[in-house]
Amino acid sequence: MNAPMQPPESRYAVLDAAPRRARDILLRWEVILVILLVATIVVNTIVSPYFLDVFNLADATFNFSEKAIIALGMALLILVRQIDLSVAAIVALAAMGIGYAAEAGFGPAGLFATGIGIGILCGVFNGFLVTYAGLPSIVVTIGTMSLFRGITQVILGDQAKTKYPAEFLELGQSYFIKMKESGVSWLFIPPIPLSFLIFLVLTAIFGIVLHKTATGRKLFAIGSNPVAARFSGIAVDRLTFLLFVVSGMLCGLAAALLTARLGSMRSNIAIGWELDIVTMVILGGVSIAGGVGSILGVFLAVLTLGLVTFGMSLNNIPGQVVSVYIGLLLIAVIAIPRIADKLGLRTGR
Amino acid sequence: MSDPILTLSGVSKSFPGVRALHDISLSLQPGRVTAVIGENGAGKSTIVKILTGIYRPDAGEIRVGGEQKHFSSPRDAWAAGIAAIHQETVMFDELSVAENIFTGHMPTGSTRLVDWAEMRKKSAELLKRIDAPIPPEFKLKRLSVAQKHLVEIARALSHEARVVIMDEPTAALSANEIDDLFRIVEQLKAEGRAIVFISHKFDEIFRIADDFVCLRDGEKVGEGPISSVTEAQLVRMMVGRPVDQVFPKRDVPIGEVVLSVKNLSNATEYADVSFDLRRGEILGLYGLVGAGRTEAMQGLFGITPVTRGTVSLDGRQLSIHSPSDAIAAGISYVPEDRQDQGAILSLGIRENVTLANLSKYVRGLFLSRPAEQEATRSLGRRLAVKAANWEQRLGELSGGNQQKVVIAKWLATRPKVIVLDEPTKGIDVGSKAAVHDFIGELAQDGLAVVLISSELPEVMGLADRVIVMKEGRIVDEFKRGAWSAEQIVGAATGAAKEAA
Amino acid sequence: MKGFVNYRELALGLILVVGVAAIGAYQPVFLAWENISDLLTETSVLFMMALAQMVVILTRGIDLSVAANLALSGMIAALVSQYYPDTPLLLMILAGVITGLVLGLINGGLIAFLGIPPIVVTLGTLAVYRGMIIIIAGGDQVNASEMGAAFQAFPKQVLLGLTSPVWIAIGVSILFWVFLNLTRAGRGLYAVGGNPVAARYCGIDQKKQEMLAYSISGAVAGLCGYLWVARYGVAYSEIANGYELTVIAACVIGGVSIGGGVGSVAGTLLGALFLGIVMTALPVLQISPFWQMAISGAVILAAVVINARAEKRPEKLILPEARRIGRVRA
């Protein structure tokens, strides 16, 4: 004890990165999702000859693209230990705004701007209550969920908004690239619906921001340990606020795409979406405890869920049976590693 | 001497990377107060947790009334008649006083329903026994810290505890409250209970204890009747090694004033904290746990709002409202609570090291991994971080290596002033030495260092100057070469006035 | 019991009384016994569901699957009535309760023993339980004509001016009050949610407490499933869709802290009653029922803000002068 300590001059050999081991790669959440996705495709292809049809698949994306867009914002919120249960209500409020704006003679650009603007305002409201008033987001957004949809109901009653400019409705059903237009026979470009294309572009942007920029790193830090993040000079409240605004903005965008696709809106539009969207995010590997997740995972989960739903609908399986499968999937993918851990620990001792 | 109520023999306990206790034996006599003393990390809290069934010892045995016991839960310890008043109050703020006393063993009638009337009656009796007129139906959150301690004592009595452990019960109490507490301790003694009293304050130990046990680095280094030792002897026993031998103080020329703090105050935690800090200087900030040192430095760093006072760096007055303001100005703060405030355990070493100044590693729009790796490698090597690779998650490293990574994070911001809050708390001896050596190196490189530490040898070995805080204020200042351990501890505990 | 109602609950109760009186002054029909009896009958399920949810939230959990559980248990009870019409009524009700209990145990097991966050588990089981209805019933609904007469008559029976669902809600509320206030297990829920570490020091088994909470939540949802199906005379998969959030809203309005360890039977009942009054008062006042949701949303937000102000973190009292003030305040 009393021997004077030599300052440790010896440098430990420390590698830049861990050597890649097959086991680690195989156990990655994204890989599990890819296997799940491939299995979904294989099973559906065997069961139904119509499944692997490009046009059918393209059509199928209409049914989940709007939710998927909102899921990107939700993923970031859950990553930083927050949640936004008011997303579907924001969609309704924004869709109603779009309905009135359309009656007032706005063009497609104005309608999208209206939807996005209302979404941002709702996000600001949520963000303010959570960050500056310091309230738990789960309760705040249960409250604003009622409030936003309630306002929609008060204003709209049992009316429907059905008058929209033709160009706007066109956008909702349009394909970014139509089969015929690609022209070159040897080059196969699948038809891509506009909403799916927007989802793809946003996925790329969110992926890059989250995984490649300083802002993304800060979000991981906040989700992992908000106190240490604050001590490290990260503006935790400001970023959290921003994420609620982004979530609201995406809801507004989704509202515009949804209204354009449906051509009408009632106050019950998008009802129950919040739970579907949270399911997408959690299945995508974003931990509800914060700090863990990837946009790739969310993307794969969105595709898997979309294709499962589509495949089952091809076989005339009712939607709620599909949800049994999705619910089991959600619990199983989280429970199985934990069960394995428990068994592993027991044999280890 | 009568038969001991409780004996420990050969008790050892290790945690990954740290040996918390080694071969500890002690025995507690009825009607006597045994003071357990030692520096932070000497193993006092581990003994408490073993006695109360929260930890299980790796080796050794516990005997209560001559009978060997194995505690697998806190309930077992209670059943054996051992109850503790913990350092951090582990109680229920939202529940009533009566429930706090009886949670886990509420009185039930023949119907097996909780008998509230009985519970309140018994609570009132227990509280009356210790002369604490707290209404049993009050919610705990309405009570002061001192009153909460009294409720904890009542809880211990409700178990008919023969051994009552008090882990720094006076840390947050005023002089009058301490008098009240000691009166109760005397009473418990008179009732034939054995008391374990853990404290840093020597005046209290000499006032209340009958016997002492001294721990250092998890080993017992002394025991006996308190009347057989002097305060100076105890300090030496606790501190152990001759100070200068382990801490080769580097000879660093001290430059101009870098940081100047004037009258830093907030409403309830600290007042009029003023000091100057020079280039190359290491300023020790000594005091008891809860003296307001951490709070004052967190105010300086922008974590909590400051109500009054100014901070200047290089002669320019700063306006610090958040940690990022402080970082931008060139002030770094390595927090005391490594697990919660310093390290992000689920992120990798690289991600931790670059976190406090991420913008430095942005090339174009994106973070540059090579730039991050470069910084991580150079700082990691400088601090001799031991890891498999720089991507390894911090949670997989030992406490000492985690701390080195946290310090690396703060050095990456290229600060002019670095505040180190208990930088060696809870880390192993080898890493401790590395951190000590590194603090000297920082000063040599021209940084100005504030070292908050409750370990006297650390402060005396490294600092050029020590300021002592007590109850939220600076009470004394000592220069290197013109100090003694007794003087510094005396200033921190308030014992000096009596000695002088 | 002292502290049976605290100031918060008193305030909420006062708001309700004043509100009801004001509505009654404007539309005396609102205060007619018949209307009040209707109001209580309509709200009886919410009373019980909110109490059960409170028990879960006390442990720092949440049960989003309650409405799906209600629908599935109700379907099971209805199917028993349809295919075994000779079964005694009590057994039919029991079929619903036991179904609910089993579903609750599944939630509890996944949460307590696998450590999966409650929100994830119950989000998953919410989808599973609701989907099971279609699978079990083969996609059909069970109509009034297919259910037994006694099965449907029971919720409409009146005793001393109140319907049987109200009496059941009263009985269940008393049971909850006794359980939460007079049993060790009930107090243990508060301890676990209030401070899990301290609860462990007191030898309370957190897993057991969680199992208990989710089982209670499930069993109550099962009972309410029967009442719902029998009263409205139809069982199908969409019953009570989204109702879980109304239930949680009642808890929040009633002062249950989502952070665990805080909540009372009286407060929760008042929270549920508040939503019940809003729902029934609007048509009486000739206000569009579409206002209902907006009002409850605004009230939830107001309730959270009030709750949060009560739970502010105290600063450390280190300075001697601050400590003196602190002592006076305590």
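Residues numbered from 1 in each chain as written. Chains lettered and ligands numbered in written order. Predicted model: local features only at pLDDT ≥ 70, side-chain atom pairs only at ≥ 80, totals over all residues. Heavy atoms only, no water.

1. Some details on a positive patch on the surface
For step 1, the next point in the chain: There is a patch of like positive charges on the surface, built from Arg75(B), Arg112(B), Arg184(C) and Lys208(C).
For step 2, the next point in the chain: Since its relative accessible area comes to 38%, Arg75(B) is described here as partly exposed. (Patch = residues over 30% accessible without salt bridge, like charges linked within 9 Å, V, L, I, M, F, W, Y side chains within 5 Å. Areas by Shrake-Rupley, 256 points an atom, 1.4 Å probe, with all protein chains shown as cover. Salt bridge = Lys/Arg side-chain N within 4 Å of Asp/Glu carboxyl O. Lys, Arg positive; Asp, Glu negative; His and termini not counted. Charge placed at Lys NZ, Arg CZ, Asp CG, Glu CD. Buried < 20%, exposed > 50% of the residue type's maximum accessible area, 1.4 Å probe, protein only.)

2. Remarks on the confidence of the model for chain A
Residues and elements named next belong to chain A.
For step 1, the next point in the chain: With 88% of its residues at a pLDDT of 70 or more, chain A has an overall mean of 85.
For step 2, the next point in the chain: The low-confidence segment residues 1-10 (pLDDT under 50) makes ten contacts with residues lying over four places distant or belonging to another chain.
For step 3, the next point in the chain: The low-confidence segment residues 345-349 (pLDDT under 50) makes zero contacts with residues lying over four places distant or belonging to another chain. (pLDDT = per-residue confidence, 0-100. Contact = heavy atoms within 4.5 Å.)

3. Some words on the pattern of salt bridges
All names here are of chain B.
For step 1, the next point in the chain: The final tally for this structure, using the stated rule, is 36 salt bridges over all chains.
For step 2, the next point in the chain: Between Lys-13 and Asp-58 there is a salt bridge whose closest N-O contact spans 3.8 Å. Highlighted residues: Lys-13 in strand 1 (residues 6-15) and Asp-58 in the loop between helix 1 (44-51) and strand 4 (59-64), separated in sequence by 45 residues.
For step 3, the next point in the chain: The partner of Asp-314 in a salt bridge is Lys-416, and the shortest N-O contact between them spans 3.4 Å. On the criterion of sequence distance, the pair formed by Asp-314 in the loop between strand 14 (308-313) and strand 15 (316-317) and Lys-416 in the loop between helix 15 (399-411) and strand 19 (417-421) is long-range, its members being 102 residues apart. (Helix = DSSP H or I, 4+ residues; strand = E, 2+ residues; numbered from the N terminus.)

4. Overview of the interface of chain B and chain C
For step 1, the next point in the chain: With 45 residues of chain B at the contact, the number on the chain C side is 33 residues.
For step 2, the next point in the chain: With both chains or domains summed, chain B and chain C bury close to 3,300 Å², and 58% of this area falls on carbon and sulfur atoms.
For step 3, the next point in the chain: At the boundary of chain B with chain C, the tally comes to one salt bridge.
For step 4, the next point in the chain: A salt bridge links Arg187(C) to Glu99(B); the shortest N-O distance between them is 2.5 Å.
For step 5, the next point in the chain: Breaking the side of chain B that touches chain C down by element, the ones donating at least two residues are helix 2 (74-79) and helix 5 (145-158) of chain B.
For step 6, the next point in the chain: With three residues, helix 2 of chain B is the largest single contributor of residues to the side of chain B that touches chain C.
For step 7, the next point in the chain: Broken down by class, the residue content of the side of chain B that touches chain C amounts to 18 nonpolar, 13 polar and 14 charged. (Buried area = accessible area lost by both parts, 1.4 Å probe. Nonpolar A, V, L, I, M, F, W, Y, C, P; charged D, E, K, R; others polar.)

5. A word on the domain arrangement of chain B
For step 1, the next point in the chain: Domain annotation for chain B reports domain 1 (6-239) and domain 2 (243-499).
For step 2, the next point in the chain: The gap between the C-alpha centroids of domain 1 of chain B and domain 2 of chain B is 33 Å. (Domains from an automatic or database assignment.)

6. Focus: the packing of aromatic side chains
For step 1, the next point in the chain: According to the stated counting rule, one finds 17 aromatic pairs over all chains in the structure shown.
For step 2, the next point in the chain: An angle of 70 degrees between the planes, with centres 5.8 Å apart, marks the rings of Phe182(B) and Phe197(B) as edge-to-face. Here Phe182(B) is found in helix 6 (residues 175-190), whereas its partner Phe197(B) is found in strand 8 (residues 194-198), with 15 residues between them in sequence. Pair check on accessibility: Phe182(B) and Phe197(B) agree, each one buried.
For step 3, the next point in the chain: Their ring planes at 85 degrees and their centres at 5.6 Å tell us that Phe301(B) and Trp410(B) sit as a pair that is edge-to-face. Of the two residues, Phe301(B) sits in the loop between helix 10 (293-300) and strand 14 while Trp410(B) sits in helix 15, which places them 109 residues apart along the sequence. Here Phe301(B) matches Trp410(B) in class, with each residue buried.
For step 4, the next point in the chain: Members of the aromatic cluster, each reached through a chain of ring pairs, are Phe64(A), Phe196(A), Phe199(A) and Phe299(A).
For step 5, the next point in the chain: Between the NZ or CZ atom of Lys161(A) and the centre of the ring of Tyr100(A), over which it lies, the distance is 3.8 Å.
For step 6, the next point in the chain: The aromatic ring of Tyr190(C) is capped on one face by Arg187(C), whose charged end is 4.4 Å from the ring centroid. (Phe/Tyr/Trp six-rings, centres within 6.5 Å; stacked < 30°, edge-to-face > 60°. Lys NZ or Arg CZ within 6 Å of the ring centre and 35° of its normal.)

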